[in-house]
Each structure stands twice: as C-alpha cells, then as structure tokens.
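Listed below, chain by chain, are the residues.
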Amino acid sequence: MTKKVMTANRAVSEAVKLAKPQVIPVYPITPQTSISEYLAQFVADGDIDAEYIRVESEHSAISAALGASGTGVRVFTATSSQGLMLMHEILYAAAGMRMPIVMADANRSISAPLSIWNDQQDSIAQRDSGWLQTYAENGQDSLDSVLMAYKISENSKVLLPSMVCLDGFILTHTVEPVEIPTQEQVDSFLPKYKPEHAFLDPKQPKSLGTLTDPDYYMETRYQLEKAMENSIEVIEQVSKEFKEIFSREYGLVEEYKCEDAKIIIIAMGSICSTVRVCVDDMRERGEKVGLLKIRSYRPFPQEYIQKAVQNADKVAVLDKNIAFGVGGALYNDIKAKIDIEAYDFILGLGGRDITPKDIDEVLDKTKNPVKDVTWIGLKNKGM
Amino acid sequence: MDSIGGVVSNPGSTRSNKTGSWRTFKPLLDKEKCIDCDNCIMFCPEGCINKDHNIDYDYCKGCGICEVECPVKAIKMERE
Ligand code: SF4
Ligand code: SF4
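The text that follows walks through the structure, step by step, so that each part is easy to find. Just so we're clear, the structure is a prediction, and the values are computed from it rather than from any experiment.

Turning next to the overall build of chain B. Secondary structure summary: chain B contains three helices and two strands in total. Counting helices and strands in the order they occur from the N terminus, chain B gives α-β-α-α-β. In terms of overall dimensions, chain B is more spread out than a globule: its C-alpha atoms have a radius of gyration of 16 Å, far above the 12 Å expected for 80 residues. Dimensions of chain B along its principal axes, counting C-alpha atoms only, are 55 × 25 × 15 Å.

In structure tokens:
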C-alpha cells in the first residue's frame, strides 16, 4: 500500500487500473477529461490489458459499454454533465438490461447557461434510471467507491450499473493524499468478473434487449425495483468485506455527532467536509448540530436516515440541484420517506462557493424557518 | 438463473409468441370461390397463408390485406 498525492480523477483511474476492466469506451469532457487521459495512458503503457475504445460521443461511449458488458466482461466509462445528458437514453437501457457497468461522473452543472463548474444536477437528472448512485466526499472515497461499486453491481442479487459521483473540480482537480491499495488486496476483494447473468455467447444463443409486450414489461421493471431493494444489504456486506481488507469503513450513510443533535444537516459529496468543520464550530457555540452524510443516494437508505434523525427536532437538507417548483431532489425524497420536520437549502449551483457563513445561515433558517425551500448565496443579480 | 432484464434465454421465441391473439377480425377464405391466383399468399405480411390457402390463425394478426388483394372476393373479414 502506498500513499500518494493526487486528484480524485487520478484516484478513480488508479481504482480502475486495479479493478482490471476489459473494455473502456470513454469520451472526454471537462472536468472528467483527465480520467480518460490517465486510462488511455495506462492502456498504452500496458498497465491495463483492456480495449480502449475512442468513441465519437457519450451516447456511443455508454452504448459501447452496454454492448461490451453484454458479452460478460468488466467495463468502465466516465463522463460529466452534458455527456451524461447525452447518455440518458442508454442509461435506462443499461439498468433495464441489468448490465453491471461502473461509471464515474464528475459532477458538473447543466446548460443553459453553459457552465463547467460543479453542482450535482447532472447525476440527479438520472435519478430514476435504475443506476446505483454513490457520492464521494474526497479522493480516497472516490477510489474506494469505484472498487466497491464493481463488487456491488456484479452481485447476482443486484446486477445494476453504478455511478460513482465526485464533485467536479472540488474533487476532480484538487490534490490530496490518497492511499493506493496493492493489486493483491484488490484481487482478493474483487476477483475476475464471472458473469452468472445472461450474456452473449454463441454456444448458448440468447436475445438481449428485445421488444417486450405488455405481458412481460411490468414484471421486468418490478425485478429492477427488487434489485434496488436488494442492493442495500449487498452494500452492507461489501462495506464489511472492504473494511476487513482495506481497514476503511464506509456505509450507506455516515453520521457525525447526530446522537444528541437537535438539528441535523443532511448533505452529499464534498460539501460534507465543510459541514463537518462547521458542526464542530457550532457545537463550540453551544448549538446541538450534527451532520448526516448520504453516501448512497440510490438505493435510498431510508431506514438509516430515519434512525439517524430519530432524536432530532428538525433536519436541514443541502441540495446542489433543483427540481423547479418543489425544492431539491434529496429534500423531496426525505419529505416522502422520512418522518421529520425538514427544510431545504438550494446552494452551490454552477460552482457558487459554499462557505461556513452559508452553513450558519442554513442553521439560522432551520431554527427560525420562514419557508420550506430557501436559496442560499443568491446575489440578487438579474432578479 | 431466471431470465432477468427481459432476456430471451431460449431461441425461437417468435414461434411461441402467438401473435394471432392480437386479431380483432379474422379472415375466412372460401376455397370454392378461390381462383388460385396466390395474391393473398404473396401479400400477407405475416406469411401465414400456405400453398393450399390454409390460414395459420396462430400468427394471422387480422390486418385484412388478403381480403383487399383477393380479385374475386374469396376472403371475408369477420369480427371474432
Ligand atoms: S388478415 Fe393479414 S395476417 Fe391474416 S392472413 Fe390476411 S393478410 Fe395475413
Ligand atoms: S387472393 Fe383470393 S383468389 Fe387469389 S389465391 Fe388468395 S383467396 Fe384465392
């Protein structure tokens, strides 16, 4: 095991190298681009024995990934923002056809107006595609999440694709120390992929992705719902195995000072690092505040959230996305599934900085609520 | 493993999927009137009229093309 200073994009690429996918179709897009470059380099240098397909668009990247996965091999791709939008159609096909593809999404806002900076609208827009979604907090989390994603996705109780989401620039282009596991460790955690599921094999002819009439379609979608449900216990199991080998612990959520907190801030991704510091400051000022980090957005960890907030009075949800008219996506899920007084804060859209001052405002507006959905950090420009 | 993700694991499913169930109108061919021109055989989009002018109702979808193409009105469409 070696510790090196690197960006989260590099960390993801190191994880991919260790996971040994056999096909990597990828199309570059800011801020994911360096992942596609590192992987191209690894393949060119013979560090990964994979077919690197230079496709002509993201629609082709995910289509090639789906086709390759359909032959029963491990596959990786990565994208961001508009690229993910272009993949939209095939994302649903990949989940519906139960292809355990792993993809990294460098979270970036959606045009218009065109912006290359971070928010989480791109992956949130794919929320209902049937993909598992994990939001990484830092570079180490990004690396580890890719390794775990393969093991979760390829489990025969799941067989759903995984999207590992990492905040654009904040993680993708920021260097920090990351521990790179050894190949032996990864091989014992994640052996070569042996598909138990249907895949293209001339010796056993099958049709994948065919037309389904009303007699079958609904059951097929229900299987997907069940697989999403099953994935919760598979993630628990995989996290345990991961900890045994790599000594780092992950779960579907992470509680920070939630036990006696009256107000719990719920967030996803890199912002959790800021909030953790804010929680410490607020506690020094006598505020009983906690942080609940959502690592797994899909499957939605309902029971974990309910348990974490059981002693709290209120929750403040941070959303780096907006579902116009109803607040952020995470807030709406919490309103639908969790029994707690909840307030929503839309912030950080298009790369707007989120400062401790903003988190103070979140706390203040949760203690003295005026409305259920509040935009934080608006400058009143062009209103 | 059971078929998941809509996979068709046994080849030849077009045969077991009896599309005749989609039919609302059923073609009835009167062999007395038939002059053996074979128009119906060639125009049937499902290929379900054989050389003896027997219709395979397992797959006939009831489109009615055979009725239109028959020059002597030997085929009548009847509601099932
Ligand atoms: S009704 Fe249509 S499908 Fe049926 S026999 Fe006639 S042409 Fe063929
Ligand atoms: S089109 Fe009419 S006449 Fe010609 S073969 Fe068919 S049934 Fe007979």
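Next, the rest of the story.
What follows concerns the site of ligand 2. In the region of ligand 2, the neighbouring residues are Leu29(B), Cys34(B), Ile35(B), Cys37(B), Asp38(B), Asn39(B), Cys40(B), His53(B), Cys70(B), Pro71(B), Val72(B) and Ile75(B). Looking at the shell around ligand 2 residue by residue, the classes come out as nine nonpolar, two polar and one charged.

For the rest of this paragraph, the subject is the interface of chain A and chain B. Listed as interface residues are 16 residues of chain A and, on the opposing side, 10 residues of chain B. Carbon and sulfur atoms make up 61% of the area that chain A and chain B hide from each other, which totals about 1,000 Å². If you look at where chain A meets chain B, you find zero salt bridges. Among the residues making up the side of chain A that touches chain B, the classes are represented as five nonpolar, seven polar and four charged.

Residues and elements named next belong to chain A. In this structure the tally under the stated criterion is five aromatic pairs over all chains. Residues Phe189 and Phe246 carry aromatic rings whose centres are separated by 5.5 Å and whose planes lie at 85 degrees to one another, so their mutual orientation is edge-to-face. With Phe189 in helix H7 (residues 183–189) and Phe246 in helix H8 (residues 217–246), this pair connects stretches of sequence that are 57 residues apart. Considered together, Phe189 and Phe246 belong to a single accessibility category, that of buried residues. Put simply, the rings of Phe189, Phe242, Phe246 and Tyr250 pair up and form one aromatic cluster. When the ring centre of Phe189 is taken as reference, the NZ or CZ atom of Lys151 above it lies at 5.1 Å. The ring of Tyr297 has Arg298 lying over it, and the distance from NZ or CZ to the ring centre is 4.4 Å.

Residues and elements named next belong to chain A. End to end, helix H2 (residues 33–44) covers 17 Å across 12 residues, agreeing with the expected 16 Å (1.5 Å per residue, within 8%). For H2, every residue scored as buried is listed here: Ser34, Ile35, Ser36, Leu39, Phe42 and Val43. Looking at the packing, one finds that the buried side of H2 touches helix H1 (8–19), strand S2 (23–26), strand S3 (51–54), strand S4 (76–79) and strand S5 (102–107). Positioned one or two residues after H2, Gly46 has a phi angle of 80 degrees, which is positive.

Residue and element names in this part refer to chain A. For the bond running from Thr30 to Pro31, omega is 0 degrees, close enough to zero to count as cis. Within the secondary structure layout, Pro31 lies in the loop between S2 and H2. In this chain, Ala112 is followed by Pro113 through a cis amide linkage whose omega measures -5 degrees. When you line up the elements, Pro113 lands in the loop between S5 and helix H5 (121–124). Of note, Ser81 is a non-glycine position whose phi angle comes to about 45 degrees, a positive value. Counting through the fold element by element, Ser81 comes out in helix H4 (residues 81–96). Its relative accessible area of 0% is what places Ser81 among the buried residues. Unlike most non-glycine residues, Ser247 shows phi in positive territory, near 60 degrees. By secondary structure assignment, the location of Ser247 is in the loop between H8 and strand S9 (253–256).

Quick look at the sheet that holds strand S15 (residues 373–375) of chain A now. Residue and element names in this part refer to chain A. With mixed pairing, six strands are arranged side by side in an open sheet as S9-S11-S10-S13-S14-S15. The open sheet has two edge strands with one neighbour each: S9 and S15. On average, each strand axis in the sheet is inclined to that of its neighbour by 20 degrees, with strand direction left out of account. In this structure, S9 lies alongside strand S11 (residues 289–294), joined through four bridges in antiparallel fashion. Residue Glu254 lies in a different strand from S11, and its bridge partner there is Lys293. Each of strand S10 (263–267), S11, strand S13 (314–319), strand S14 (341–346) and S15 touches helix H12 (residues 356–367); the most contacted strand, S13, lies at about 140 degrees to it.

What follows covers the packing of H1(A) against H2(A). Residues and elements named next belong to chain A. As a packed pair, H1 and H2 sit with axes 9 Å apart at the nearest point and diverge in direction by 35 degrees. The interaxial crossing formed by H1 with H2 has right-handed handedness. Across the interface between the two elements, Asn9, Arg10, Val12, Ser13, Glu14, Val16 and Lys17 of H1 pack against Ser34, Ile35, Tyr38, Leu39 and Phe42 of H2. Taken together, the residues of the contact of H1 with H2 break down into six nonpolar, three polar and three charged.

So, about the sheet that holds S4(A). Residues and elements named next belong to chain A. Read from one edge to the other, the open sheet built from five strands follows the order S4-S5-S7-S6-S12, with strand pairing classed as mixed. A single partner strand is all that each edge strand has here, and the edge strands are S4 and strand S12 (296–298). Averaged over neighbouring strand pairs, the angle between their axes works out to 25 degrees when direction is ignored. Bridge count for strand S6 (residues 132–135) against strand S7 (residues 162–167) is four bridges, and the pairing is parallel. Within the sheet, the bridge partner assigned to Thr134 lies in S7 and is Val164.

Our focus in this paragraph is the pattern of salt bridges. Any two side chains of opposite charge can pair, so long as their charged atoms come close to each other. Residue and element names in this part refer to chain A. A full pass over the atoms with the stated rule returns 29 salt bridges over all chains. For Glu137, the salt bridge identified is with Lys293, shortest N-O distance 2.7 Å. Of this pair, Glu137 sits in the loop between S6 and helix H6 (139–153) while Lys293 sits in strand S11; the two residues are 156 residues apart in sequence, bridging distant segments of the chain. Accessibility classification places Glu137 together with Lys293 in one group, the buried group. In this structure, the salt-bridge partner of Lys151 is Glu241, at a minimum N-O distance of 3.3 Å. With a gap of 90 residues between them, Lys151 in helix H6 and Glu241 in helix H8 connect regions that are remote in the sequence. For Glu241, a relative accessible area of 27% translates into the label partly exposed. Here the residues in one salt-bridge network are Glu137, Asp141, Glu254, Arg276, Lys293 and Arg295, joined through shared partners.

What counts, and at which threshold
- Residues numbered from 1 in each chain as written.
- Chains lettered and ligands numbered in written order.
- Predicted model: local features only at pLDDT ≥ 70, side-chain atom pairs only at ≥ 80, totals over all residues.
- Heavy atoms only, no water.
- Helix = DSSP H or I, 4+ residues; strand = E, 2+ residues; numbered from the N terminus.
- Rg over C-alpha atoms; globule rule 2.2 N^0.38 Å.
- Near = heavy atom within 4 Å.
- Nonpolar A, V, L, I, M, F, W, Y, C, P; charged D, E, K, R; others polar.
- Contact = heavy atoms within 4.5 Å.
- Buried area = accessible area lost by both parts, 1.4 Å probe.
- Salt bridge = Lys/Arg side-chain N within 4 Å of Asp/Glu carboxyl O.
- Phe/Tyr/Trp six-rings, centres within 6.5 Å; stacked < 30°, edge-to-face > 60°.
- Buried < 20%, exposed > 50% of the residue type's maximum accessible area, 1.4 Å probe, protein only.
- Lys NZ or Arg CZ within 6 Å of the ring centre and 35° of its normal.
- Expected span 1.5 Å × (residues − 1).
- Pairing = 2+ DSSP bridges.
- Axes fitted to C-alpha atoms, helices over the stretch in contact; angles between N-to-C directions.
- Left-handed = near helix turned anticlockwise from the far one by under 90°.

In short, geometric facts, not functional conclusions.
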